[in-house]
Amino acid sequence: MHSTQPLTGKSGETLSLSVDDIVMSCRFFGEGYPLVLIMGYGSTMNLWEPGLLELFASRFRVIVFDNRGMGDTGAGTESYSIARMADDTAGLMRALNIRQAHVLGWSMGSLIAQELVFRHPSLVGKLVLYAAHCDAEMFPPSPEVLAMLTDASGTPEERGMRYIGVLFPERWMQNNGQRLKEIFYRPMGRVPEEITARQSEAIGSWSGTTERLPLLDKQTLLITGSEDRLVIPRNASYMAENIPFSQLCAVENAGHGLMFQYPELFFEKVTAFLE
């Protein structure tokens, strides 16, 4: 295992660090080998499942942060791209004196993680790609799901419910109303619409990694919900077939929000791979 200089500050405390043209906001939990979590589209680090962070913090030094323009991280002057956000992540790791860490990216965060490993390979130990694809057009979601996501009509609550409807299997939602409230009624912090639009453009203009997958020489776990309607599981199985040192884990009865549905199981699968 590679050692890292200790991070200053208390567990759970929010730190602000200068990285290129922005000040980035991050938190860390626990002790041990670093594990960097990269958040997905349109969300802040507050969306990470608290129970999952607690579990990971029992084994690792967990670092979470707000992507460019989200939460308490500055919007900056540079154009938004997946590669730019990968460079932001690398810059944050260096600012924290992290020489190498395991990296877990969720959804858009998994695209950033892919670029991170190709652009800054020495920073990445093992790689966990959760709800990942390597080319948005290869195995896209259904038109119905896309329509639910892009429909801007109605109140923020109605838009929020449509988004939640895409994250979980219907049967699970019907049986877990209380759990849904726990997940989505906590404060997310700043999520500016112009930044989510820029993130959306960054995802749309990303050229993908299809041709580079055979060159990915890190041990990689592809973890997906078997009922993910947003990033359909065929994406993960295709990637597992084309990344040399990879494992595939498809969790039954789970959707895009797998980590919220089954945090203990998610932790077990990921930790078994990382350790």
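Residues numbered from 1 in each chain as written. Predicted model: local features only at pLDDT ≥ 70, side-chain atom pairs only at ≥ 80, totals over all residues. Heavy atoms only, no water.

*Asks:* Give a detailed account of the overall build of the protein, specifying residues and quantitative values.
*Replies:* A count of helical and extended segments in the protein gives 11 helices and 8 strands. By the compact-globule yardstick of 19 Å for 275 residues, the protein fits well, its C-alpha radius of gyration being 17 Å. Along the first, second and third principal axes, the C-alpha set of the protein runs to 45 × 40 × 35 Å. The buried share of the protein, taken over its 275 residues, is 53%. Look at the contacts in the protein between residues 6 or more apart in sequence, and 75% of them connect residues 24 or more apart. Carbon and sulfur atoms make up 52% of the accessible area of the protein, which amounts to about 12100 Å² in all. Across the protein, the centroid of the 23 positively charged side chains sits 5 Å from that of the 32 negatively charged ones. (Helix = DSSP H or I, 4+ residues; strand = E, 2+ residues; numbered from the N terminus. Rg over C-alpha atoms; globule rule 2.2 N^0.38 Å. Buried < 20%, exposed > 50% of the residue type's maximum accessible area, 1.4 Å probe, protein only. Contact = heavy atoms within 4.5 Å. Areas by Shrake-Rupley, 256 points an atom, 1.4 Å probe, with all protein chains shown as cover. Lys, Arg positive; Asp, Glu negative; His and termini not counted. Charge placed at Lys NZ, Arg CZ, Asp CG, Glu CD.)

*Asks:* Lay out the environment of Arg94 with the relevant residues and their values.
*Replies:* Among the secondary structure elements, Arg94 is positioned in helix H2 (residues 82-95). Given the relative accessible area of 44%, Arg94 is considered partly exposed. Each C-alpha atom, one on Arg94 and one on Leu123, is 8.7 Å from the other, the two residues being 29 residues apart in sequence. Residues in contact with Arg94, not counting those within four places in the same chain, are His120 and Leu123. At 3.5 Å, the side chain of Arg94 and the side chain of His120 are in polar contact. (Polar contact = N/O pair within 3.5 Å; in protein donor to acceptor, adjacent residues only side chain to side chain.)

*Asks:* Which residues make up the packing of aromatic side chains, and what values do they have?
*Replies:* The full count for this structure, using the stated rule, is 9 aromatic pairs. Centre to centre, the rings of Trp106 and Phe260 are 5.9 Å apart; their planes meet at 70°, and the pair counts as edge-to-face. Separated by 154 residues along the polypeptide, Trp106 in strand E5 (residues 101-106) and Phe260 in helix H10 (residues 258-261) bring together distant segments of the chain. Since its relative accessible area comes to 2%, Trp106 is described here as buried. The class for Phe260 is buried, based on a relative accessible area of 0%. Clustering of aromatic rings is evident, with ring pairs tying together Trp48, Trp106, Tyr130, Phe168, Trp172, Phe260 and Phe266. One Lys or Arg, Lys126, reaches over the ring of Phe273 and ends 5.3 Å from the middle of that ring. (Phe/Tyr/Trp six-rings, centres within 6.5 Å; stacked < 30°, edge-to-face > 60°. Lys NZ or Arg CZ within 6 Å of the ring centre and 35° of its normal.)

Honestly, it's all geometry; don't read function into it.
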